[in-house]
Amino acid sequence: MKILITGILGYIGSRLAILTRDKHEITGIDNGYAAQISKIDGIDLYNLDIRDHKKIESIASKLDLIVHLAAISGVDTCKKNPLLAHDVNTLATINLAWICRQNQIPLIFPTSMAMLGDPVKFPIDEKHPRKPKNIYGYTKYIAEQNINLYAQNSFPAIMFMTSNIYGHHIIDGKLILKNTVINKFIGLAKNGKPLTVYSPGTQARDFLHLEDTVRAYIDVINKINEFKNEALTMTLASGKSTQMNDIAEIIFNEAQKRGYKTKINLIKNPRNNETLTDNFKINISKIEELINFKPMFTIQSGIKEIFDLKY
Ligand SMILES: NC(=O)c1ccc[n+]([C@@H]2O[C@H](COP(=O)([O-])OP(=O)(O)OC[C@H]3O[C@@H](n4cnc5c(N)ncnc54)[C@H](O)[C@@H]3O)[C@@H](O)[C@H]2O)c1
């Protein structure tokens, strides 16, 4: 298949590119805004802004599938650049959905649990009400709504409502990672620094390993012709809730085993509106049913894998 991956030089896109390039003809778009590398062997790369509607249209019209990952990703980055986040995450995504509609090109797009705001019902499923509390969540929510409208009777749009992703990967000897809590704690432990858990420490999240995340993308790519011409959202998560205290303890124990000296410090929570629920349960039965999704990593094996990664 001819597949376009936007945001191909980022955390998820680069891993997806590596794992699909042998089987598919992959083209990538990235403007370098948050790129972690400058090229990927075997991939045709356009140094292009996703907001360049005309150029994107001329590239896209010849494709079998678009995986749209280019974004201003994360709550804090969007808060610092709200207009850019609106332009890239919302407007450019709506334009891309329009291109998909005009050319009947299937689309895969990640949204985020940030669309939900403070969850009002557990386990969280695809129908959970959207009430974003930040710009990032709004950009994803507005994109989701518009994709829903444009996809109707025109193209399959598979949207992953994604939980917290962790894990590292390596390209040409370079470590590719995001500074999210698990990755950050492992870095601190390896450098002999304390793991600072925000009080009360019982706050829980769902953490999904990058490899499991990317496998879900690949499974949807492989089944794309089985989906109807409409939008479909699936939660993409491990289905397991883990408290921050437990994350810190697992990392502390793994660090100790390897001779790294660290400790756990419970500190005053600097975030005044963090969701503090102690059981962040996500229902993953839809993705299990539709693509037979089953995470390979537990939180313990995922953390061990990061400690042992050689590069
Ligand atoms: N990583 C996570 O935990 C997570 C969780 C939920 C959803 N997502 C979503 O998954 C997608 C990919 O996430 P990621 O973690 O790989 O993000 P990332 O920031 O690592 O990668 C995004 C890529 O998009 C590129 N980009 C940004 N603006 C662009 C523009 N205007 N034109 C072209 N390229 C542009 C960046 O240079 C970067 O390489 C994003 O939509 C993100 O919101 C990620």
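Quick caveat, the model's predicted, so the values are computed rather than measured. (Residues numbered from 1 in each chain as written. Predicted model: local features only at pLDDT ≥ 70, side-chain atom pairs only at ≥ 80, totals over all residues.)

Draft legend 1. Spotlight on the domain arrangement of the chain. Considered domain by domain, the chain is made up of domain 1 (2–164 + 207–236) and domain 2 (168–206 + 241–281 + 297–308). Just the C-alpha atoms count here: the centres of domain 1 and domain 2 sit 26 Å apart. Each partner contributes residues to the interface: domain 1 has 20 residues there, and domain 2 has 18 residues. Of all the secondary-structure elements, those providing two or more residues to the side of domain 1 that touches domain 2 are helix H1 (11–20), strand E12 (207–209) and helix H7 (210–222). (Domains from an automatic or database assignment. Contact = placed C-beta atoms within 7 Å. Helix = DSSP H or I, 4+ residues; strand = E, 2+ residues; numbered from the N terminus.)

Draft legend 2. Layout of the site of the ligand. Neighbouring the ligand are 28 residues; Gly7, Gly10, Tyr11, Ala71 and Ile165 lie closest to it. Taken together, the residues of the shell around the ligand sort by class into 14 nonpolar, 10 polar and four charged. (Near = placed C-beta within 6 Å. Nonpolar A, V, L, I, M, F, W, Y, C, P; charged D, E, K, R; others polar.)

Draft legend 3. Region of interest: the sheet that holds strand E6 (residues 157–162). Strand order in the open sheet formed by seven strands is E3-E2-E1-E4-E5-E6-E13, and the pairing between neighbours is parallel. The sheet is open, and its two edges are formed by strand E3 (44–47) and strand E13 (231–236), each paired on a single side. The sheet shows a mean angle of 20 degrees between the axes of neighbouring strands, taken without regard to direction. Looking at chain direction, strand E1 (residues 2–6) and strand E2 (residues 25–30) are connected through five bridges and run parallel. Counterpart to Lys2 in the pairing with E2 is Glu25. With respect to the sheet, H1 is in contact with E1, E2 and strand E4 (65–68), its orientation differing from that of E1 by roughly 160 degrees. Its contacts with the sheet place helix H5 (residues 135–151) against strand E5 (107–112), E6 and E13, and it is angled at close to 145 degrees to E5. (Pairing = 2+ DSSP bridges. Axes fitted to C-alpha atoms, helices over the stretch in contact; angles between N-to-C directions.)

Draft legend 4. View of H5. In a regular helix each residue adds 1.5 Å, so 17 residues correspond to 24 Å; H5 covers 24 Å between its end C-alpha atoms and thus fits that length. The buried count for H5 comes to 12 of 17 residues, which makes it a mostly enclosed element. Summarising the contacts, the buried residues of H5 are in contact with helix H3 (75–80), helix H4 (82–103), E5, E6 and E13. Taken from the residues just after H5, Asn153 is the one with a positive phi, measuring 60 degrees. (Expected span 1.5 Å × (residues − 1). Buried ≥ 20, exposed ≤ 12 C-beta atoms within 10 Å, placed from the backbone.)

Draft legend 5. Structural context of the environment of Lys133. By the element assignment, Lys133 lies in the loop between E5 and H5. By the C-beta count within 10 Å, which is 15 here, Lys133 ends up partly exposed. In sequence terms Lys133 and Asp118 are 15 residues apart; their C-alpha atoms lie 7.7 Å from each other. Beyond its immediate chain neighbours, meaning those up to four positions away, Lys133 contacts Gly117, Asp118 and Asn273.

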